[in-house]
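Tertiary structure, described
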Amino acid sequence: MKRTVSLLAGGLLGGMLCTAALADDGRELVIDGETIATTTAAADDHPLSEIISGWRFRSAETQTLQMDDFENPAFVAIEYAEELWEEPAGTSSKSCADCHGSFDSLAGLRAELPRWNEEMGKPATLEMLINASIEKHQGAEPWKWESPEMLAMTALIGLASRGMPVALKTDGPMADWIKKGEELYYTRVGQLDLACANCHEDNYGNMIRADHLSQGQVNGFPVYRLKWGGLGSIHRRFKGCMDQVRATPYTRGSDEFIALEAYVAARGMGLSVETPSVRN
């Protein structure tokens with residue numbers, strides 16, 4: 001069943017919006033000769049009529065940055081992660097490469113996350129899996145969620161799945177977490193009394209002040225935002241949205257943000273992984 005959230009009647013959001021067309025002219029996202037799906041059809045019970053990547057809402061200049069790995073500013077972090085991949089760490093003095101070989105061996109992982117982890121008793125994000133491996137197999141201290149090391153490594157591992165369709169499992173124990181994320185997505189919060197859906201479902205394609213609203217898809221994370229001058233995680237973006245509506249944000253790695261990530265990822269199934277993407 002389709003869900004809708006009405007705008008504040010004559011309220012704040014309506015006063016800040018203006019209409020706009022998609023920024024691009026229908027061109028395809030092609031990297032190294034490979035076409036990456038930035039739109040896909042939505043199922044009949046999907047809340048959106050069409051599933052569209054955030055890439056299509058960006059300026060032509062920003063789109064072009066993502067299309068060229070040499071120009072993509074996120075690849076500075078990718079190079080750093082390649083060094084980390086080969087670097088022995090912890091009490092085991094083992095590197096990621098010692099167990100996994102090339103990072104390409106993890107192709108497909110990013111496309112299916114978050115996924116249920118029996119040992120953790122909850123869905124695992126990529127950050128959680130990386131830290132679990134660091135602690136268990138390397139005997140090293142885990143990385144902070146938004147540390148340069150974590151952002152670089154999530155970008156590198158995500159790159160291995162670039163071009164693969166998002167296809168996380170939504171049944172079994174994941175179903176309850178996705179349902180929890182859905183409830184959070186449609187719940188109004190903050191002084192502006194807005195839900196995620198107010199912007200990213202009811203008004204995608206419109207301009208809110210200087211920002212071109214997208215559907216809020218997460219298939220390109222970690223994302224290099226020109227506004228940030230660096231990479232940021234999905235949970236950083238969630239926190240930023242909550243800050244903007246003047247709500248008290250959940251913490252990175254919280255159950256709330258894990259559930260929200262699972263639901264938003266499920267909304268974007270069929271889009272290709274774009275990691276590392278570039279946004280305004």
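The paragraphs below set out a description of the structure included in this document. (Residues numbered from 1 in each chain as written. Predicted model: local features only at pLDDT ≥ 70, side-chain atom pairs only at ≥ 80, totals over all residues. Heavy atoms only, no water.)

**Concerning the nonpolar core**
For clarity, the threshold we go by: Within this scheme, the nonpolar core is defined by two criteria: the residues are buried Ala, Val, Leu, Ile, Met, Phe, Trp, Tyr or Cys, and they are joined through side-chain atoms within 4.5 Å. Each residue's exposure class comes from its accessible area (1.4 Å probe, protein chains only) as a fraction of the maximum for that residue type: buried when under 20%, exposed when over 50%, partly exposed otherwise. The helix and strand labels rest on DSSP assignments: H or I over at least four residues marks a helix, E over at least two residues marks a strand, and numbering proceeds from the N terminus. Only heavy atoms matter for contacts: two residues are in contact if any of them lie within 4.5 Å across the pair.
Core analysis: the largest hydrophobic core is formed by 30 residues, its most contacted members being Trp-85, Ile-130, Met-153, Leu-156, Ile-157 and Leu-231. Among the elements of the structure, helix 3 (75–86), helix 4 (96–100), helix 5 (126–138) and helix 6 (148–159) are those that each provide at least two residues to this core. Here this core gets 8 residues from one element, more than from any other, and that element is helix 6. Discounting residues that sit within four places of it in the chain, Met-153 has contacts with Ala-81, Leu-84, Trp-85, Cys-96, Ile-130 and Trp-143. Counting 26 residues, the second-largest nonpolar core is a separate cluster that includes Tyr-186, Phe-221, Val-223 and Ala-266.

**Some thoughts on the pattern of salt bridges**
Note the threshold: For this analysis, a salt bridge means a side-chain nitrogen from Lys or Arg found within 4 Å of a carboxyl oxygen belonging to Asp or Glu.
Per the stated rule, a full pass over the model turns up 11 salt bridges. The partner of Glu-182 in a salt bridge is Lys-179, and the shortest N-O contact between them spans 3.6 Å. Placement of both Glu-182 and Lys-179 in helix 7 (residues 174–185) is noted, with a separation of 3 residues, approximately one turn of the helix. A salt bridge links Arg-267 to Glu-201, with the nearest nitrogen and oxygen atoms 3.1 Å apart. Separated by 66 residues along the polypeptide, Arg-267 in helix 10 (residues 255–267) and Glu-201 in the loop between helix 8 (196–200) and strand 8 (207–208) bring together distant segments of the chain. This pair shows no difference in class: Arg-267 is buried, exactly as Glu-201 is. Members of the salt-bridge network, linked through shared partners, are Asp-32, Asp-69 and Arg-162.

**Thoughts on unusual backbone geometry**
Geometrically, the link from Phe-221 to Pro-222 is a cis peptide bond, its omega value of 0° lying close to zero. You can see Pro-222 is positioned in the loop between strand 9 (211–212) and strand 10 (223–225). Following Thr-275, the chain continues into Pro-276 via a peptide bond in cis, with omega recorded as -5°. Tracing the backbone shows Pro-276 in the loop between helix 10 and strand 12 (277–279). Phi is positive for Asp-32, which is not a glycine, with a value near 50°. Its place among the elements puts Asp-32 in the loop between strand 2 (29–31) and strand 3 (34–36). In this structure Asp-32 comes out as exposed when scored by relative accessible area, which is 69%. Non-glycine residue Asp-193 carries a positive phi angle of around 55°. Summarising the element assignment, Asp-193 is placed in the loop between helix 7 and helix 8.

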